[in-house]
Amino acid sequence: MKLFVDNLTNVDFSYLHPQRGLLGESWLVQLELDGSLNDQGMICDFGIVKKEVKKWFDLWIDHALVVPTGLPELVYRVDAGYTAVEWAYPNGERFSCRSPEAAICLVDMAEINEATLADWCQGKLLELFPGEVKGLTIRFVPEKIDGAFYHYSHGLQKHDGNCQRIAHGHRSKIELFINGQRDRSLEAEWAERFKDIYIGSASHVTSQSDDEHNYAYQAPQGRFEISLPARVCYIIDTDSTVELIASHLAKQIKLSYPNDRVMVKAYEGVGKGAIAEA
């Protein structure tokens, strides 16, 4: 007998990709439990499943930087409550991040994808459930997007929760309207511009050059630091909430369309976001 829960939750996180580098991602979580019925005629109560699985993903994956420890050229260390990782892009560019330990999830594998991370999660999650549960299957499913989208990473210093972590991200669609008409070519242009981007706040920049950007800040969970190639960074003058990203995009697009009405519908992962007009 199997119990399934489709779209139980979604996870927004970033991870290190062996070619693309820091990559923001959003995946829906599908769950199947395999087991025998208890005296209530259930494998496991749906309420327990949803609560415990979501709690586990919130603790380990959601809004974290997930790092495959078998990634070539990776060096990491855990010390005094902090995790530091250093890695070289295939072209030799440098990535480094130092964050409170809970903000970086180290996984013992060579590469992160939907299948490898699901396998790792399955082994951990099975321990949460009662004896009637004999097996567990996790599937990560990217949202189906009809149109342009981009992967971005960021950190929200002022956030009380895990959004304050300096390297978490999203896979987000974008919808742009000029005088009420959706402009798909403009969407594709901005999606390409924001491909695999790190959106940093000017107030968090500690140093920058034509080759590298360095960001750092103190937040409630601790001190966060990150360094990335300049080519993958985009700096805005404000914090990088989805509301302020939408507002920034509307103002930037308005410069090219001064006599038109501009509306931006920016998403932060799956099914949520902000609308701004200019």
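That block above? That's the structure.
### Considering the sheet that holds strand E6 (residues 94-100)
The strand order across the open sheet built from 6 strands is E4-E5-E6-E15-E14-E13, with neighbouring strands paired in antiparallel fashion. Either end of the sheet is taken by a strand with one partner, and the two such strands are strand E4 (75-79) and strand E13 (205-208). Taking the axes of each pair of neighbouring strands and ignoring which way they run, one obtains an average angle of 10° across the sheet.

### Comments concerning the packing of aromatic side chains
Inspection of the entire model under this criterion finds 16 aromatic pairs. On the basis of an interplanar angle of 85° and a centroid distance of 5.1 Å, the ring pair of Trp56 and Phe57 is categorised as edge-to-face. Classification of Trp56 as buried rests on a relative accessible area of 8%. Residue classification places Phe57 among the buried residues on the basis of a relative accessible area of 1%. Taking 5.6 Å as the distance between ring centres and 40° as the angle between the ring planes, the aromatic pair formed by Tyr150 and Tyr152 counts as tilted. Here the guanidinium or amino end of Arg98 rests over the ring plane of Tyr82, the centre of that ring lying 4.1 Å away. Sitting over the ring of Phe149, Arg171 keeps its end group 4.2 Å from the ring centre.

### Observations concerning the side chain of Glu175
Mapped onto the elements, Glu175 comes out in strand E10 (residues 168-178). Despite its burial, Glu175 pairs with no opposite charge, the nearest such side chain being Arg182 at 4.1 Å. One polar contact links Glu175 to Tyr267, side chain to side chain, over a distance of 3.5 Å.

### Points about the nonpolar core
The biggest cluster of nonpolar side chains holds 30 residues, and the ones touching the most others in it are Phe57, Ile61, Leu117 and Phe140. Those elements that provide at least two residues to this core are strand E1 (2-17), strand E2 (21-35), helix H1 (46-60), strand E7 (104-107), helix H2 (114-125) and strand E8 (133-142). Of the residues forming this core, the biggest block, 6 residues, is contributed by E1. Each residue touching Phe57, except ones within four places of it in the same chain, is listed here: Thr9, Val11, Val29, Asp62, Cys121, Leu125, Ile138 and Phe140. Leu176, Ile199, Leu249 and Ala266 belong to the second largest nonpolar core, which has 25 residues in total.

### What to know about the side chain of Glu143
With respect to the helices and strands, the residue Glu143 is situated in the loop between E8 and strand E9 (149-154). For Glu143, a relative accessible area of 13% gives the class buried.

### Considering the layout of surface pockets
Estimates place the volume of the largest pocket at around 220 Å³. Lining the largest pocket, in full, are Leu59, Trp60, Val78, Thr83, Glu101, Ala102, Ile104, Cys105, Leu106, Trp120 and Lys124. Those elements giving two or more residues to the lining of the largest pocket turn out to be H1, E7 and H2. Across the lining of the largest pocket, the residue classes break down as 8 nonpolar, 1 polar and 2 charged.

### Here's the deal with the environment of Gly21
Secondary-structure assignment places Gly21 in strand E2. In sequence terms Gly21 and Ala88 are 67 residues apart; their C-alpha atoms lie 8.8 Å from each other. With sequence-adjacent residues up to four places away left out, Gly21 is seen in contact with Tyr15, Leu16, Trp87 and Tyr89.

### Considering unusual backbone geometry
Non-glycine residue Asn7 carries a positive phi angle of around 50°. Its place among the elements puts Asn7 in strand E1. Of note, Asn179 is a non-glycine position whose phi angle comes to about 55°, a positive value. Counting through the fold element by element, Asn179 comes out in the loop between E10 and strand E11 (181-182). For Asn179, a relative accessible area of 35% puts it in the partly exposed group.

### Here we look at the pairing of strand E3 (residues 65-68)
Neither face of E3 is open: one carries Leu65 and Val67, the other Val66 and Pro68, and all of them are buried. Direction of pairing for E1 relative to E3: parallel, over a ladder of 2 bridges. Each residue of the ladder has a partner; that of Ser14, found in E3, is Leu65.

### Regarding the pattern of salt bridges
When charged atoms on two side chains of opposite charge get close, those side chains can pair. Using the criterion set out here, one finds 9 salt bridges in the structure. Close ionic contact of Arg20 with Asp196 constitutes a salt bridge, the shortest N to O distance being 2.8 Å. With Arg20 in the loop between E1 and E2 and Asp196 in the loop between helix H3 (184-193) and strand E12 (197-201), the pair connects residues that are 176 residues apart, well separated along the chain. By relative accessible area, which is 33% here, Arg20 ends up partly exposed. Here Asp239 makes a salt bridge to Lys158, at a shortest N to O gap of 3.2 Å. Residue Asp239 is found in the loop between strand E16 (233-236) and helix H4 (242-256), and its partner Lys158 is found in the loop between E9 and E10; the two are separated by 81 residues along the sequence. Assessed through its relative accessible area of 64%, Lys158 is described here as exposed.

What counts and how
- Residues numbered from 1 in each chain as written.
- Predicted model: local features only at pLDDT ≥ 70, side-chain atom pairs only at ≥ 80, totals over all residues.
- Heavy atoms only, no water.
- Pairing = 2+ DSSP bridges.
- Helix = DSSP H or I, 4+ residues; strand = E, 2+ residues; numbered from the N terminus.
- Axes fitted to C-alpha atoms, helices over the stretch in contact; angles between N-to-C directions.
- Phe/Tyr/Trp six-rings, centres within 6.5 Å; stacked < 30°, edge-to-face > 60°.
- Buried < 20%, exposed > 50% of the residue type's maximum accessible area, 1.4 Å probe, protein only.
- Lys NZ or Arg CZ within 6 Å of the ring centre and 35° of its normal.
- Lys, Arg positive; Asp, Glu negative; His and termini not counted.
- Salt bridge = Lys/Arg side-chain N within 4 Å of Asp/Glu carboxyl O.
- Polar contact = N/O pair within 3.5 Å; in protein donor to acceptor, adjacent residues only side chain to side chain.
- Core = buried A, V, L, I, M, F, W, Y, C linked by side-chain atoms within 4.5 Å.
- Contact = heavy atoms within 4.5 Å.
- 1 Å grid on protein atoms, 1.4 Å probe; cavity = no way out; pocket = protein on both sides within 12 Å on 5 of 7 lines; lining within 4 Å.
- Points joined across faces, edges and corners; volume = space filled by probe spheres on them.
- Nonpolar A, V, L, I, M, F, W, Y, C, P; charged D, E, K, R; others polar.

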